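A closer look at the structure
One-letter residues, chain by chain:
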Amino acid sequence: MSNKTRWYKDSFIYQIYPRSFCDSNGDGIGDIQGIISKLDYIKDLGAKAIWLSPIYKSPNYDNGYDISDYRDISPEFGTLDDFKTLVAEMRKRDLKLIMDLVVNHTSFEHKWFLKSKESTDNEYRDYYFWRKGRGKNGKKPPNNWTSRFGGSAWTYDEKTKEWYLHLFTKEQPDLNWDNPKVRKEVEDIVNYWLDLGVDGFRCDVITYISKREGLPNGKWGLLSRGDEHFTHGPNIHKYLNELNKNGFSNKDTMIVGEGAGVTLEQAIIYTNEENEELDNVFHFEHMETDFYKQAIPRKFKLKNLKKVFSKWQLGLLQKGWNSLYFENHDFPRSLGRFTGDYKDKRVEAAKMLAISLYMQQGTPYIYQGQEIGMTNYTFSNISEFQDVLVQNIRSVFGVFEPIFRPLIFKILKIRARDNARTPMQWDASENAGFTEGKPWFYINPNYTTINVENELEDKNSILNFYKKLIQYRLGNEVLINGYYKEYEGKNKDLHVYMRNYNGVSILVVCNYKNKEVPFKPNPETANKNCKLVLHNYNYDRPILEPMTLRPYEALVYELNKPKNS
Ligand code: GLC
Ligand code: CA
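What you see is a predicted model; the values in this text were computed from it and never measured. (Residues numbered from 1 in each chain as written. Chains lettered and ligands numbered in written order. Predicted model: local features only at pLDDT ≥ 70, side-chain atom pairs only at ≥ 80, totals over all residues. Heavy atoms only, no water.)

Observations concerning the overall build of the protein
Looking only at helices and strands, the protein features 14 helices and 22 strands. Counting only C-alpha atoms, the protein reaches 75 × 55 × 50 Å along its principal axes. Burial analysis of the protein (565 residues in total) assigns 62% to the buried set. Charged side chains of the protein number 79 positive and 75 negative; the gap between the two group centres comes to 6 Å. (Helix = DSSP H or I, 4+ residues; strand = E, 2+ residues; numbered from the N terminus. Buried < 20%, exposed > 50% of the residue type's maximum accessible area, 1.4 Å probe, protein only. Lys, Arg positive; Asp, Glu negative; His and termini not counted. Charge placed at Lys NZ, Arg CZ, Asp CG, Glu CD.)

Written out as structure tokens, the structure is:
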């Protein structure tokens, strides 16, 4: 067994999307020096670690998730020296650093790929998946797999007259992990960054790295084909275990895997401590309660969200470890998504979501701007989207795109990843204090009211509430280790649950609706011997008794505690 301290079980991890966080030199793009200038802010929030979306060299077809040099920093973000300063400044503040590790694929500009495509027999050919096409003259792709971003997962290359596999855009060719040399390269990359002082990795689409031998055709699916042959593929656990042994476990790390397609059963295997693979995974089930397969809008029902919560809270208890998140750079903002139309109750709704999520078991993640209640951007034209995924979706429709455009736009307005990628709103000055130049992307016009500076001053702000909630959670054994039990499972408006540990219980009551909702404690939850510890309204609810909850009202009570403790 490794000697890991498992510090991530008692932490908050703050995710930075560097391009949109803070620009130090006026070129309109966030950068490392900008991050350094905000470390005190992150520390003050109470976070223990930062997960940094990719800052490596990249031609930026997918904003850094297409890496052309794993050992260097993209010039737009700074230099390796800036990075070293960042690590040193974080150390000073006792902040840990989690880097994104994007090794399912490289950029098509990575030197391995450039060499690989030169001939059919060069030493890098097997770093990727090159295959002959099917049909007459090999003009049909080798199999029917689709890219996660739409269209075939194969692109033909004239030079050697073969096709290469890419589960994302054609600028992101998939690495062949069955080649031991590739696995060794990844180990070396991991150790290179560990030596530079990083404390862990967020492993991008790590569930896709092992492909079934022979790359067989996938069964028919409406939105994608081939998944069953590369999601938790045949050697995934072996490869992760190996990478853990030769890389991840060389330090007191935290490794979180992006668990595309992860089931509870698989998550247990990935995150069970004895297996020594990953420490936690991001599953997507709660992110699909309002988007079928994360893509097609459907009516959000609280009941479905609660079912997902219960399933994962109970399912991983003492068997694995959860991660708690509502936002990241791949999804729209949570406000509005899970709360319905919050109208003038943005502050109450955002605090309620925080309580509902972060009193559960697992490692909490906060995505930049979530802590000030940033909202989706109002896009007014399809050409405003920047994300490569949008271009890909549109091209899938081919000549019919103009006909479908209004529908595509309607969906993207609420679903596009761009919604969460607008620059961080620091203050009410021009460009929200994000840059002194021309920002690379639109700034949400609501920055004049929704911004860090305002929220720091307002003692009832979302930001100050997050700080309070974080302080309450850190070191709290009931919240770290306690059992999760749901009440009012059938209630369409309320999320009610209890955490129990060593005779102490914490009861959480959340009204997800923008209306008054009655709550009646049952014999188990009614308890006069209780203390209200977190609340998103400014009045007291000293005892647990039948009550009418205000719109989005959320309460956290400690039970079984002597009255005046
Ligand atoms: C992950 C990243 C996403 C990226 C994709 C391909 O899902 O979070 O931003 O586009 O992988 O690397
Ligand atoms: Ca810059």
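Some points on the domain arrangement of the protein
Under the domain assignment, the protein is made up of domain 1 (8-106 + 181-383 + 418-470), domain 2 (111-165), domain 3 (384-415) and domain 4 (484-559). Centre-to-centre separation of domain 1 and domain 4, based on C-alpha positions: 29 Å. Contact residues are listed per partner, giving 31 residues for domain 1 and 27 residues for domain 4. Roughly 2300 Å² is buried in total at the junction of domain 1 and domain 4, and carbon and sulfur atoms are behind 62% of that figure. In this assembly, domain 1 and domain 4 are joined by 0 salt bridges. Those elements that place two or more of their residues in the side of domain 1 that touches domain 4 are helix 8 (302-316), helix 9 (346-358) and helix 13 (462-473). Taken together, the residues that form the side of domain 1 that touches domain 4 break down as 15 nonpolar, 8 polar and 8 charged. (Domains from an automatic or database assignment. Contact = heavy atoms within 4.5 Å. Buried area = accessible area lost by both parts, 1.4 Å probe. Salt bridge = Lys/Arg side-chain N within 4 Å of Asp/Glu carboxyl O. Nonpolar A, V, L, I, M, F, W, Y, C, P; charged D, E, K, R; others polar.)

Notes on the layout of surface pockets
Rolled over the atoms, a probe sized like a water molecule indicates the empty space that remains. Considered as a void within the structure, the second largest pocket measures approximately 480 Å³ in volume. Lining the second largest pocket are 24 residues, with K299, F300, K301, R337 and G340 sitting closest to its centre. For the lining of the second largest pocket, the residue count by class is 9 nonpolar, 5 polar and 10 charged. Split by domain, the lining of the second largest pocket shows at least three residues from each of two domains, domain 1 (8-106 + 181-383 + 418-470) and domain 4 (484-559). (1 Å grid on protein atoms, 1.4 Å probe; cavity = no way out; pocket = protein on both sides within 12 Å on 5 of 7 lines; lining within 4 Å. Points joined across faces, edges and corners; volume = space filled by probe spheres on them.)

Focus: the coordination of the calcium ion (ligand 2)
At this site the calcium ion (ligand 2) is bound by D23 (OD), N25 (OD1), D27 (OD), I29 (O) and D31 (OD), with donor distances of 2.2 to 2.3 Å. Here the donor residues of the calcium ion (ligand 2) share one chain and are spaced in sequence as D-x1-N-x1-D-x1-I-x1-D. Judged by its relative accessible area of 52%, N25 is exposed. (Donors = N, O, S within 2.8 Å, 3.2 Å for Na, K, Ca; no water.)

A closer look at a nonpolar patch on the surface
Taken together, the side chains of W220, L222, L223, Y292 and I296 present a nonpolar region at the surface, about 570 Å² in accessible area. Taking relative accessible area as the criterion, L222 reaches 64% and is therefore assigned exposed. (Patch = residues over 30% accessible without salt bridge, like charges linked within 9 Å, V, L, I, M, F, W, Y side chains within 5 Å. Areas by Shrake-Rupley, 256 points an atom, 1.4 Å probe, with all protein chains shown as cover.)

A closer look at the pairing of strand 9 (residues 200-203)
Across the two faces of strand 9 the burial is the same, with G200 and R202 and F201 and C203 all buried. Direction of pairing for strand 5 (residues 96-101) relative to strand 9: parallel, over a ladder of 4 bridges. Residue I98 lies in a different strand from strand 9, and its bridge partner there is G200. For the crossover from strand 9 across helix 6 (residues 236-246) to strand 10 (residues 254-258), the handedness is right-handed. (Pairing = 2+ DSSP bridges. Right-handed = clockwise from strand over helix to strand, strands pointing away.)

Some thoughts on the site of ligand 1
Taken together, 14 residues sit near ligand 1, with D62, D204, E258, H329 and D330 positioned nearest. Contacts to ligand 1 include D62, whose side-chain N or O atom sits 2.5 Å from an oxygen atom. Between ligand 1 and the protein, one listed contact pairs an oxygen atom with a side-chain N or O atom of H329 at 2.8 Å. Its free accessible area being 300 Å², ligand 1 has 97% of it covered by the protein chains. A per-class count over the shell around ligand 1 returns 4 nonpolar, 3 polar and 7 charged. (Near = heavy atom within 4 Å. Polar contact = N/O pair within 3.5 Å; in protein donor to acceptor, adjacent residues only side chain to side chain.)

Brief notes about the packing of helix 7 (residues 264-271) against helix 8
Here helix 7 crosses helix 8 at 40 degrees, and the two axes come no closer than 10 Å. In terms of orientation, helix 7 lies oblique with respect to helix 8. Relative to helix 8, the crossing made by helix 7 is right-handed. Where helix 7 approaches helix 8, its residues L264, A267, I268 and T271 are matched on the opposing element by K311, W312, G315 and L316. For the contact of helix 7 with helix 8, the residue count by class is 5 nonpolar, 2 polar and 1 charged. (Axes fitted to C-alpha atoms, helices over the stretch in contact; angles between N-to-C directions. Parallel < 35°, antiparallel > 145°, perpendicular 65-115°, else oblique. Left-handed = near helix turned anticlockwise from the far one by under 90°.)

Section: the sheet that holds strand 22 (residues 554-559)
With antiparallel pairing, the 5 strands of this open sheet are ordered in space as 16-17-18-22-20. Both edges of this open sheet fall to strand 16 (483-487) and strand 20 (530-535), since each of them pairs with a single strand only. Taking each pair of neighbouring strands and ignoring which way they run, the sheet shows an average axis angle of 20 degrees. Its contacts with the sheet place helix 8 against strand 16 and strand 17 (494-501), and it is angled at close to 155 degrees to strand 16. Against the sheet, helix 13 makes contact with strand 18 (504-511), strand 20 and strand 22, and its axis sits at roughly 135 degrees relative to strand 20, the strand it touches most.

Looking at the pattern of salt bridges
Note that side chains of opposite charge can pair when their charged atoms are close. In total, this model carries 39 salt bridges according to the counting rule given. Note that R421 is salt-bridged to D387, the shortest N-O span being 3.9 Å. Pair noted here: R421 is in the loop between helix 11 (401-415) and helix 12 (452-457) and D387 is in the loop between strand 15 (363-367) and helix 10 (388-396), with a separation of 34 residues, a long-range link. Taken individually, R421 and D387 each receive the classification buried, so the pair is uniform in this respect. Of the charged contacts in the structure, one is a salt bridge between K513 and D493, with a shortest N-O distance of 2.9 Å. Of this pair, K513 sits in the loop between strand 18 and strand 19 (517-519) while D493 sits in the loop between strand 16 and strand 17, and the two are 20 residues apart along the sequence. Here K513 falls in the partly exposed class, since its relative accessible area comes to 27%. For D493, a relative accessible area of 15% gives the class buried. The network of salt bridges with shared partners includes K4, R6, K9, E273 and D279.

Here's the deal with the nonpolar core
Within the largest apolar cluster, 159 residues are counted, with the highest numbers of intra-cluster contacts made by F83 and F201. The leading source of residues in this core is helix 9, at 8 residues. In this structure F201 touches I98, M99, L101, V190, W193, L194, F248, M254, I255 and V256, once residues within four positions along its chain are discounted. L494, L544, L549 and L559 belong to the second largest nonpolar core, which has 15 residues in total. (Core = buried A, V, L, I, M, F, W, Y, C linked by side-chain atoms within 4.5 Å.)

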